[in-house]
Amino acid sequence: MVIAYLRVTIDKQHLERQKDEITRYASANGLEISKWITDIVDGKRKESEPTLFRVLDRMKKGDKVIITDIARFGRTLSEVMTLLSKCMTLGVHVYSINDRYLLDDSLNTEVVSTTCNLVSEIEHNLMSVRTKEALNHKKEKEGLQLGRPKGTDAKQSLLDANKDEVMNMLERGDTVVMICKHFNVSRNTYYQFKRNYGI
């Protein structure tokens, strides 16, 4: 199986260019593409697991993934390394055209996989440390209150205790604003209540 993997931003920037590059590369190297996979990502939102990650579970040793460049595997080094590690563990070959990487059986896949996992773990830990340091700095220097604002739990409990009344208000068509005003809660608290009960 030969998978062509495309990853673009929400405006589908460079999609056709990636397709052209992969098509030319496959043709020049006698590879017949079995399936095209495209992930469209929005830089403003947290990304879900790449489609390729799930497809890899159905791939076998010796199958191939073609990408235009290694950065298509993720936004962060950790994401890239996680996908590379999975490919190496499964024995799936990776062809990265512009980087001129060919990760195949000629490499010691166990070493590459271990290295990828290690790099991913290091980056994750560094991000965690940086985040904690930034939050502590804000707390100490700017007096920022960290965590859930006081009263939020109490407001949530108020909605929980009046669940039947909230449901009645929803059934008769009361708006979010009306419900929030009636119970003196924020929209965030109301939406959390809805999520808690799958409404």
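Note: the structure precedes this text.
Only a predicted model underlies this, so the values are computations on that prediction, with no experimental measurement involved.

Asker: I keep staring at the overall build of the protein chain and nothing clicks. Help me out?
Answerer: On a plain count of helices and strands, the protein chain comes out with 8 helices and 5 strands. Listing every helix and strand of the protein chain by position from the N terminus yields β-α-β-α-β-α-β-β-α-α-α-α-α. Relative to its full complement of 199 residues, the protein chain shows a buried share of 34%. Restricting the contact set of the protein chain to residue pairs at least 6 apart, pairs at least 24 apart contribute 66%. With an accessible surface of roughly 13,000 Å², the protein chain has 51% of that area assigned to carbon and sulfur atoms.

Asker: Explain helix α3 (residues 77-90) here, please?
Answerer: Along an α-helix, a turn takes 3.6 residues, which lines up residues three or four apart on a common side. If you check α3, its first and last C-alpha atoms are 20 Å apart, about what 14 residues at 1.5 Å a residue would give, namely 20 Å. Residues S78, V80, M81, L83, L84, S85, K86, C87 and M88 constitute the buried set of α3. Two residues or fewer after α3 comes G91, characterised by a positive phi angle close to 80 degrees.

Asker: Which parts of the structure should I look at to understand the packing of helix α6 (residues 163-171) against helix α7 (residues 176-183)?
Answerer: How two helices sit against one another is set out by the angle between their axes and by the gap between those axes. In the contact formed by α6 and α7, the axes pass within 10 Å of each other and the chain directions differ by 150 degrees. Considered as vectors, α6 and α7 are oriented roughly antiparallel to each other. When you trace α6 past α7, the crossing you get is right-handed. Contacts between α6 and α7 involve E165, V166, M169 and L170 from the former and M178, I179, H182 and F183 from the latter. Along the lines of polarity and charge, the residues of the contact of α6 with α7 split into 6 nonpolar, 1 polar and 1 charged.

Asker: Teacher, can you tell me more about the pattern of salt bridges here?
Answerer: One side chain can pair with another of opposite charge once the charged atoms of both are near each other. For the structure shown, the criterion picks out 4 salt bridges. The salt bridge involving R172 is made with D174; its shortest N-O contact spans 3.0 Å. What makes D174 buried here is its relative accessible area of 13%.

About the cut-offs
Residues numbered from 1 in each chain as written. Predicted model: local features only at pLDDT ≥ 70, side-chain atom pairs only at ≥ 80, totals over all residues. Heavy atoms only, no water. Helix = DSSP H or I, 4+ residues; strand = E, 2+ residues; numbered from the N terminus. Buried < 20%, exposed > 50% of the residue type's maximum accessible area, 1.4 Å probe, protein only. Contact = heavy atoms within 4.5 Å. Areas by Shrake-Rupley, 256 points an atom, 1.4 Å probe, with all protein chains shown as cover. Expected span 1.5 Å × (residues − 1). Axes fitted to C-alpha atoms, helices over the stretch in contact; angles between N-to-C directions. Parallel < 35°, antiparallel > 145°, perpendicular 65-115°, else oblique. Left-handed = near helix turned anticlockwise from the far one by under 90°. Nonpolar A, V, L, I, M, F, W, Y, C, P; charged D, E, K, R; others polar. Salt bridge = Lys/Arg side-chain N within 4 Å of Asp/Glu carboxyl O.

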